[in-house]
Amino acid sequence: MQNMELDALYAEVILDHNRRPRNWGELPPPARKVEGFNPLCGDRLTVWFDLADDIVRDVKFMGEGCAISKASASMMTQAVKGKTLEQAEELFGRFHRLVTGTAAEADPSLGSLRAFAGVARFPARVKCASLAWHALHGALHGEAATTTEE
Ligand code: ZN
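Structure report, in brief.

About the thresholds
Residues numbered from 1 in each chain as written. Predicted model: local features only at pLDDT ≥ 70, side-chain atom pairs only at ≥ 80, totals over all residues. Heavy atoms only, no water. Helix = DSSP H or I, 4+ residues; strand = E, 2+ residues; numbered from the N terminus. Rg over C-alpha atoms; globule rule 2.2 N^0.38 Å. Buried < 20%, exposed > 50% of the residue type's maximum accessible area, 1.4 Å probe, protein only. Contact = heavy atoms within 4.5 Å. Areas by Shrake-Rupley, 256 points an atom, 1.4 Å probe, with all protein chains shown as cover. Lys, Arg positive; Asp, Glu negative; His and termini not counted. Charge placed at Lys NZ, Arg CZ, Asp CG, Glu CD. Donors = N, O, S within 2.8 Å, 3.2 Å for Na, K, Ca; no water. Expected span 1.5 Å × (residues − 1). Phe/Tyr/Trp six-rings, centres within 6.5 Å; stacked < 30°, edge-to-face > 60°. Lys NZ or Arg CZ within 6 Å of the ring centre and 35° of its normal.

To continue, consider the overall build of the chain. Looking only at helices and strands, one finds 4 helices and 4 strands in the chain. Listing the helices and strands of the chain from first to last along the sequence gives α-β-β-β-α-α-α-β. Taking 150 residues into account, the globule formula puts the C-alpha radius of gyration at 15 Å, and the chain, at 14 Å, falls close to it. Counting across all 150 residues of the chain, residues that qualify as buried make up 43%. By sequence separation, contacts in the chain at least 24 residues apart represent 59% of the contacts at least 6 residues apart. Here the chain displays about 7800 Å² of accessible surface, and carbon together with sulfur accounts for 53% of that area. The centroid of the 17 positive side-chain charges in the chain is displaced by 4 Å from the centroid of its 20 negative side-chain charges.

So, in structure tokens, the structure goes:
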């Protein structure tokens, strides 16, 4: 497949998740709630994590943001649900390497998350794509808020 076709396919995945975000909503306590804020773009997401028995049992999110931040959050919730905390942390690392362009090549094990490989070319967009993932990282480390400013 040519690169342009691949880019178009990936753009379609992102637009679809932006239009119909998966796992949209809240989780009741004792789910961990993490507020994510990206001042550069104005993205504000709240992500709820039900972490029990070392497993990400459920994830939901709500918020306002650009298409990239919402699509990324939607796909993050799908990607980490059912994973162990260690697997989720590891996936955070692989996704972060993908969007910062430090992975040697798009990691095939990331599946449809590779749709975000293109943002590595746009530094301002990296923070949009990684916002929900920083919230995940925060939840795993017991933080209630995260910002892309760090
Ligand atoms: Zn954004």
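Attention now moves to the coordination of the zinc ion. The protein atoms that coordinate the zinc ion are Cys-41 (SG), Asp-43 (OD), Asp-43 (OD), Cys-66 (SG) and Cys-128 (SG), at distances spanning 2.2 to 2.6 Å. Coordination of the zinc ion draws on donor residues from a single chain, spaced C-x1-D-x22-C-x61-C in sequence. Taken together, the residues Cys-66 in the loop between strand E3 (55-64) and helix H2 (67-80) and Cys-128 in helix H4 (residues 123-140) connect sequence positions 62 residues apart. Each member of the pair Cys-66 and Cys-128 is classed as buried.

Take H2 next. Helix length check: H2 (14 residues) gives 20 Å between terminal C-alpha atoms against 20 Å at 1.5 Å per residue, within 8%. For H2, a buried count of 12 out of 14 residues is recorded, marking the element as mostly surrounded by other parts of the structure. Ile-68, Ser-69, Lys-70, Ala-71, Ser-72, Ala-73, Ser-74, Met-75, Met-76, Thr-77, Ala-79 and Val-80 are the residues of H2 that are buried. Positive backbone phi, at 90°, marks Gly-82, one or two positions downstream of H2.

Moving on: the packing of aromatic side chains. For the structure shown, the criterion picks out 3 aromatic pairs. Relative to Phe-61, the ring of Trp-24 has its centre 5.2 Å away and its plane inclined at 80°; by these criteria the two rings are edge-to-face. With a gap of 37 residues between them, Trp-24 in the loop between helix H1 (3-19) and strand E1 (32-38) and Phe-61 in strand E3 connect regions that are remote in the sequence. Pairing Phe-95 with Trp-133 gives two aromatic rings, centres 4.5 Å apart and planes at 15°, and the pair type is stacked. Separated by 38 residues along the polypeptide, Phe-95 in helix H3 (residues 85-99) and Trp-133 in helix H4 bring together distant segments of the chain. In this pair, the class of Phe-95 matches that of Trp-133, namely buried. Members of the aromatic cluster, joined through ring pairs, are Phe-95, Phe-116 and Trp-133. The ring of Phe-37 has Arg-44 sitting right over it, with the charged end atom 4.0 Å from the ring centre.

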